[in-house]
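Okay, here's what each chain looks like letter by letter:
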Amino acid sequence: MNYTDIKTLGDLKKSEYKSISIKDELRKNLIQKLKNQETVFEGVWGYENSVIPELETAILSKHNINLLGLRGQAKTRLARLMVTLLDEYIPIVEGSEINDDPLQPLSRYSKELIKEKGDDTPITWLHRDERFYEKLATPDVTVADLIGDVDPIKAMNLKLNYADDRVIHFGMIPRANRCIFVINEIPDLQARIQVSLFNILQEGDIQIRGFKLRLPLDIQFIFTANPEDYTNRGSIVTPLKDRIGSQILTHYPKSIEIAEKITEQEANALQSQKETVYVPKLAKRLVEQISFEARDSEYVDVKSGVSARMSISVLENLISTAERRSFLTEDDKTTVRLLDFFGSIPAITGKIELVYEGEQEGADFVAQNLVTNAVKTIFLELFPEIKKLTKEDEETPYDEITQWFYASDSIELLDDMNDGYFKEQLDVITPLQKLIDKYHPNYSKEDLYFLKELILWALSEFKILSKERFTKGFQFNDTLTNYIRGI
């Protein structure tokens with residue numbers, strides 16, 4: 001039966017429609033999805049065996065929920081995806097401010113309208129997408145914003161005195177009746193404002209300016225908080241924590257593969273960029289490794305966390321840097337290079353909180369350090385370890401490369417070098433290809449030049465080669481030449 005064709009209370013009563021609370025509604029639809037083996041939270045990766053089972057358990061328990069985790073851990077995304085567990089439409093009394101259920105009205109407006117019109121009371125249908133309310137907790141939020149207040153203009157227009165409850169202007173929470181209501185960063189809410197939520201969470205009613213007003217609101221509350229907030233900016237008052245049924249801890253991706261899925265899904269690359277710029281798999285891995293390095297860095301404040309948004313921004317900047325180069329060199333298509341990661345430095349510096357030592361070194365230095373550490377980590381996953389100390393006659397897999405540089409001129413890789421010349425420069429270093437053939441004989445041709453560049457970069461970081469930055473690029477050379485020059 002198509003319930004949305006029903007336009008009056010009388011017709012609703014004749015139908016098979018039954019009112020249930022929002023928590024029962026979420027529970028009912030979740031059970032159905034679980035029985036059908038459906039994915040409940042689409043597009044959320046890495047939480048399949050941790051956060052999502054706990055969240056589903058909380059919904060089955062009909063709990064209000066607090067999602068606790070560092071920045072960029074998909075807390076708000078999880079809350080928004082709960083909308084998919086709501087019925088597609090619910091009936092409300094037409095004109096009701098608080099989404100009154102026609103079969104169980106709460107407000108004076110709806111009760112009087114039903115008393116006056118009876119079964120002819122007009123009803124309308126509210127889609128589930130309109131049943132999501134979200135409020136960012138900031139220090140300037142007031143009780144009037146959330147709960148409501150007396151409206152003097154309303155009283156004047158209706159010629160009512162302040163003792164009449166019709167002068168009340170409902171706040172966001174009553175207007176979210178029969179909806180999901182999310183308060184982000186709940187510790188930022190002043191303690192006295194948090195206190196105003198006690199009755200709503202436990203007894204399900206509200207009080208406005210001393211009115212004897214009991215509205216058993218039907219709301220699914222979801223709160224989000226950052227552990228750092230408990231000490232730096234505020235805290236969730238203990239009685240409020242006690243009234244929240246489930247507290248669920250979120251976390252960052254535990255593997256590079258999951259992190260790549262998230263970044264690929266969220267990065268905002270234009271179709272024209274996808275057609276023009278190719279991103280090697282190794283470059284995508286390097287993007288994620290930078291975030292993993294940042295989370296372990298001595299320069300980055302671990303309590304603040306490193307958001308998944310950093311990887312997303314780095315990838316977007318990386319593609320745009322390569323795209324900009326293609327415009328300058330007039331290449332129809334191009335491939336992301338390791339050099340392009342320097343175009344992504346602003347995306348890193350804006351996303352990390354530094355400790356004192358990091359501030360002393362400077363944000364640019366820290367960002368470049370994260371990139372080079374990521375290069376070294378990935379290099380050691382692909383090629384043999386470079387020992388700090390070797391015997392005089394001991395051979396290493398990298399001897400041919402170093403000997404080539406001793407016998408040849410330096411190599412310059414410029415920021416805005418066209419693709420043809422860039423490849424020629426790398427192809428000149430023939431031992432690079434020999435090294436790749438030995439350890440990765442079937443390596444993708446599309447990604448080959450990025451790997452060659454990464455080898456050069458890593459060898460310079462391990463002091464096998466030297467690397468010097470100049471205005472428009474880098475020069476790679478043997479270490480002895482730079483020693484003689486005094487570099």
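Summarised in this report is the structure supplied together with it.

Cut-off values and rules
Residues numbered from 1 in each chain as written. Predicted model: local features only at pLDDT ≥ 70, side-chain atom pairs only at ≥ 80, totals over all residues. Heavy atoms only, no water. Helix = DSSP H or I, 4+ residues; strand = E, 2+ residues; numbered from the N terminus. Buried < 20%, exposed > 50% of the residue type's maximum accessible area, 1.4 Å probe, protein only. Arc of directions from axis to C-beta. Contact = heavy atoms within 4.5 Å. Axes fitted to C-alpha atoms, helices over the stretch in contact; angles between N-to-C directions. Parallel < 35°, antiparallel > 145°, perpendicular 65-115°, else oblique. Nonpolar A, V, L, I, M, F, W, Y, C, P; charged D, E, K, R; others polar. Pairing = 2+ DSSP bridges.

## Focus on unusual backbone geometry
At step 1: A positive phi is found at Gln-37, a non-glycine position, where the angle reads about 60°.
At step 2: Of note, Asn-99 is a non-glycine position whose phi angle comes to about 55°, a positive value.
At step 3: Mapping Asn-99 onto the fold places it in the loop between strand 2 (89-93) and helix 5 (108-117).
At step 4: Judged by its relative accessible area of 7%, Asn-99 is buried.

## Remarks on helix 22 (residues 430-439)
At step 1: Taken residue by residue, helix 22 has Pro-431, Leu-432, Leu-435 and Ile-436 as its buried positions. The arc that holds every buried residue of helix 22, seen down its axis, measures 140°, which confines them to one face. Away from its buried face, by an angle of more than 90 degrees, helix 22 presents the exposed residues Lys-434 and Lys-438.
At step 2: Here the buried face of helix 22 lies against helix 20 (399-407), helix 21 (419-428) and helix 23 (448-461).

## Considering the packing of helix 22 against helix 23
At step 1: Between helix 22 and helix 23, the least distance of the axes is 10 Å, while the angle of their chain directions is 105°. Put simply, helix 22 runs roughly perpendicular to helix 23. Contact with helix 22, carried on its side by Leu-432, Gln-433, Leu-435 and Ile-436, involves Leu-448, Leu-451, Lys-452, Ile-455 and Leu-456 of helix 23 and no other residues of that element.
At step 2: Of the residues contributing to the contact of helix 22 with helix 23, the split by class is 7 nonpolar, 1 polar and 1 charged.

## Remarks on the sheet that holds strand 12 (residues 411-414)
At step 1: Spatial strand order, 12-14-13: 3 strands in an open sheet with antiparallel pairing. Of all the strands in the sheet, just strand 12 and strand 13 (465-470) have a single pairing partner and so form its edges. Recorded for the sheet is a direction-independent mean angle of 20° between the axes of neighbouring strands.
At step 2: Pairing of strand 13 with strand 14 (residues 473-478) involves 6 bridges; the strand directions are antiparallel. Its bridge partner lying in strand 14, Lys-467 is registered against Phe-476.
At step 3: The strands touched by helix 23 within the sheet are strand 12, strand 13 and strand 14, with strand 13 carrying the most contacts at an inclination of about 100°.

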